[in-house]
Amino acid sequence: MTDIKELQNEREQLFRDLFSGKAPKRVPVTNPATLEFAIQYYGEDLAEAQWDIARCEPVFDKFCQEFPTDTSPVGSLRLPAFYQILGSKAIVMGSGGFMQHPEVMGLMPEEYDEFIAAPYDFIIDTVLPRLYTELDAEPSKKAMVLAKAVKAFSDDWATLGAIRDRTNAKYGMVAPVVSLTEAPFDFMADFLRSFKGISSDIRRYPEKVVAACEAVLPLMIKKGKLPNPNILGFSFIPLHMAPYMREKDFAKFYWPTFKTLVEELAVMGQKVQLFVEHDWMRYLDYLYELPENTIMRFEYGDPKVVADKLGKKHVLSGFYPVTLLQTGDKAQCIDKAKELLDILAPTGRYWFQADKSIISTDSDGKVADNLRAVLEYVYTNGTY
Amino acid sequence: MKSKYYTTWEEYREKHPELEGKPEKVIAPKIEKYEDVMFNFILGLVL
């Protein structure tokens, strides 16, 4: 067995232990900087590189070589070609080359009943033509557009997947298989009713919102299902709306179908990683109820309180403030990492990830220098 | 999940009698795979 293969096996064991509730040999490390960051850091044009993904291979290689991490630093990249072919209004490339999600509304309030009766059909028949202008066409044209978009999506992700596989093999990194799904209430908000629309709907049409969340739950379960569930794969669920809700609304509209979603995925034998966006401190007792070893990456909150409340049952992550990499000096950045290790590593269930993904570089390279120092520190000192 | 755009293998087989006697063990997973590919692609456009 080669040294690299041994390293990869060792790293996989860290995650096997962590995800099954055993304290690993050391704290696993994930670089919070994404491929978008790396493209800019190594001097490539962000828009061009995302359109021509093959040119990312040397970027990805250097990135993995120079920044310590146990997992592939890809991030939630949205490649532009298929969005362009579809005439997307929901995800668009901004002038800086970043893919952005403007506030959109694919479902009108008077359409709830039709949506609830057959949500998948309604999405295809009505929502997609609203959000993707090239699908607002006669059937033959629509079929051609969809075929081109699926082909572009498959080709680009196959290219990126092959780059990732080669780089992982070269540097011995872990590449968990990840699916993406959403809490039903967040799904209703994001592309269908919008933040403003759903916030109004829970007062104007509360029972329809409840029914819609129940109607999309099977879709969210199916979307989160991995082809071959195993201990190293997980379903990633970014959580959006709860911090903006009153607790009684959260309990009625958000929690029931979200809890069922996580439980159903756990029953299938797969892990769930929640990206606990914004401030969930008032919902910690709810999070405790989720199946054991649910992975929770926190954006905000008091890590001591979270460790006390959740650290005996769930895998904890996040908290490291990436803004400090921009505002602090190297010593301050390392001190913060040490502080989090001191609080969270004693749980035996800590995975080093930051509070947010890093997508932009700064002009003087300070973020990259501080990031490298923090990753090296945690990688070397993250013992339990 | 009931949908006019998502077909289970059993529903597909019923609509395609020409598959009678053909090797179901290799055909079924392939048909199901592409149903799921499209499902995941479509849902990916709204999340």
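Residues numbered from 1 in each chain as written. Chains lettered and ligands numbered in written order. Predicted model: local features only at pLDDT ≥ 70, side-chain atom pairs only at ≥ 80, totals over all residues. Heavy atoms only, no water.

Caption draft 1: Up close: the overall build of chain A. Helix and strand content of chain A: 16 helices and eight strands. Relative to the globule expectation of 21 Å for 384 residues, the C-alpha radius of gyration of chain A, 21 Å, shows essentially globular dimensions. Taken over the C-alpha atoms alone, chain A extends approximately 55 × 45 × 40 Å along its principal axes. Within chain A, counting contacts between residues at least 6 apart in sequence, those at least 24 apart form 74% of the total. Accessible surface computed for chain A: about 16,000 Å², of which carbon and sulfur atoms make up 52%. Where the 44 positive side-chain charges of chain A centre and where its 54 negative ones centre are 2 Å apart. (Helix = DSSP H or I, 4+ residues; strand = E, 2+ residues; numbered from the N terminus. Rg over C-alpha atoms; globule rule 2.2 N^0.38 Å. Contact = heavy atoms within 4.5 Å. Areas by Shrake-Rupley, 256 points an atom, 1.4 Å probe, with all protein chains shown as cover. Lys, Arg positive; Asp, Glu negative; His and termini not counted. Charge placed at Lys NZ, Arg CZ, Asp CG, Glu CD.)

Caption draft 2: Local environment of the pairing of strand S6 (residues 295–298) of chain A. Residues and elements named next belong to chain A. Residues of S6 alternate between two faces, with Ile295 and Arg297 on one and Met296 and Phe298 on the opposite face, all of them buried. Pairing analysis gives four bridges linking strand S5 (residues 271–276) to S6, with the strands arranged parallel. Paired with valine 276 across the bridge in S6 is phenylalanine 298. (Buried < 20%, exposed > 50% of the residue type's maximum accessible area, 1.4 Å probe, protein only. Pairing = 2+ DSSP bridges.)

Caption draft 3: Main features of the interface of chain B and chain A. Each partner contributes to the interface: chain B provides 16 residues, whereas chain A provides 26 residues. Of the roughly 2,100 Å² buried at the junction of chain B and chain A (both faces included), carbon and sulfur atoms supply 76%. The three residues of chain B that bury the most area against chain A are Leu45(B), Val46(B) and Leu47(B), which together make up 36% of that side's buried surface. The tally of links from chain B across to chain A stands at two salt bridges. The tally of links from chain B across to chain A stands at eight residue pairs in polar contact (both at pLDDT 80 or more). Among the residues forming the side of chain B that touches chain A, the class breakdown is eleven nonpolar, three polar and two charged. (Buried area = accessible area lost by both parts, 1.4 Å probe. Salt bridge = Lys/Arg side-chain N within 4 Å of Asp/Glu carboxyl O. Polar contact = N/O pair within 3.5 Å; in protein donor to acceptor, adjacent residues only side chain to side chain. Nonpolar A, V, L, I, M, F, W, Y, C, P; charged D, E, K, R; others polar.)

Caption draft 4: The environment of Asp249(A), seen in detail. All names here are of chain A. Among the secondary structure elements, aspartate 249 is positioned in helix H11 (residues 247–267). Residue class for aspartate 249 comes out buried when judged on its relative accessible area of 10%. In sequence terms aspartate 249 and proline 206 are 43 residues apart; their C-alpha atoms lie 9.6 Å from each other. Once residues lying within four places of it in the same chain are set aside, the contact partners of aspartate 249 are Ile202 and Tyr254.

Caption draft 5: Region of the structure containing the pattern of salt bridges. All names here are of chain A. Going through the model one piece at a time under the given rule, you end up with 30 salt bridges over all chains. For aspartate 285, the salt bridge is made with lysine 309, and the minimal N-O distance between the two is 3.2 Å. Here aspartate 285 is found in helix H12 (residues 284–288), whereas its partner lysine 309 is found in helix H13 (residues 303–310), with 24 residues between them in sequence. Within the structure, one salt-bridge network assembled from shared partners comprises Glu44, Glu48, Asp52 and Arg55.

Caption draft 6: Spatial organisation of the nonpolar core. Residues and elements named next belong to chain A. Counting residues in hydrophobic clusters, the biggest one holds 126 residues, and the most contacted among them are Tyr254 and Leu274. Sort the elements by how many residues they give to this core and helix H10 (residues 206–224) lands first, with nine residues. With residues near it in sequence (within four places) discarded, leucine 274 still touches Ile237, Leu239, Phe258, Val262, Leu287, Leu290, Thr294, Ile295, Met296 and Arg297. Counting eleven residues, the second largest nonpolar core, distinct from the first, contains Phe19, Leu232, Val315 and Trp351. (Core = buried A, V, L, I, M, F, W, Y, C linked by side-chain atoms within 4.5 Å.)

Caption draft 7: Fine view of the packing of aromatic side chains. Under the counting rule described, the total for this entry stands at 37 aromatic pairs over all chains. Judged by centre distance (6.0 Å) and plane angle (20°), the rings of Trp9(B) and Tyr12(B) are stacked. Here Trp9(B) and its partner Tyr12(B) are both found in helix H1 (residues 9–15), three residues apart, which amounts to about one turn of the helix. Residue class for Trp9(B) comes out buried when judged on its relative accessible area of 4%. A connected cluster of aromatic rings, assembled from ring pairs, spans Phe185(A), Phe250(A), Phe253(A), Tyr254(A), Trp255(A), Phe258(A), Trp280(A), Tyr283(A) and Tyr286(A). We note Arg26(A) situated over the ring of Tyr379(A); from NZ or CZ to the ring centre the distance is 4.2 Å. (Phe/Tyr/Trp six-rings, centres within 6.5 Å; stacked < 30°, edge-to-face > 60°. Lys NZ or Arg CZ within 6 Å of the ring centre and 35° of its normal.)

Caption draft 8: A look at the side chain of Arg193(A). Residues and elements named next belong to chain A. Relative to the helices and strands, arginine 193 resides in helix H9 (residues 184–204). Looking at arginine 193, its side chain comes within polar contact range of the side chain of aspartate 201, at 2.6 Å. With near-sequence residues (within four places) excluded, arginine 193 lies in contact with Met105, Leu107, Met108, Pro109, Tyr112, Met188, Ile198 and Asp201.

Caption draft 9: View of the sheet that holds S5(A). Residues and elements named next belong to chain A. Taken in spatial order, the six strands make up an open sheet running S3-S4-S5-S6-S7-S8, and their pairing is parallel. The two strands at the open ends of the sheet, each matched to only one other strand, are strand S3 (178–180) and strand S8 (350–351). Note that S3 and strand S4 (residues 234–239) share three bridges and pair parallel. Across the sheet, the residue bridging to leucine 180 is phenylalanine 236, located in S4. Here H11 sits on the sheet in contact with S4 and S5, set at roughly 165° to S4. (Axes fitted to C-alpha atoms, helices over the stretch in contact; angles between N-to-C directions.)

Caption draft 10: Representation of the side chain of Asp190(A) within the structure. Residue and element names in this part refer to chain A. Note that aspartate 190 resides in helix H9. Buried aspartate 190, no salt bridge; nearest opposite-charge side chain is arginine 78, N-O distance 7.2 Å. A polar contact of 2.9 Å, which involves the side chain of aspartate 190, links it to the side chain of histidine 240. Dropping the residues within four chain positions of it, aspartate 190 is found in contact with His101, Val104, Glu182 and His240.

Caption draft 11: Fine view of the packing of H9(A) against H10(A). Residue and element names in this part refer to chain A. Closest axis-to-axis distance for the H9/H10 pair is 10 Å, and the angle between their directions is 170°. Compared by their axis directions, H9 and H10 come out roughly antiparallel. Side by side, H9 and H10 meet where Pro184, Phe185, Phe187, Met188, Ile198, Asp201, Ile202, Arg203 and Arg204 of the first sit next to Pro206, Val209, Ala212, Cys213, Val216, Leu217 and Met220 of the second. Its residues placed into classes, the contact of H9 with H10 shows 13 nonpolar, no polar and three charged. (Parallel < 35°, antiparallel > 145°, perpendicular 65-115°, else oblique.)

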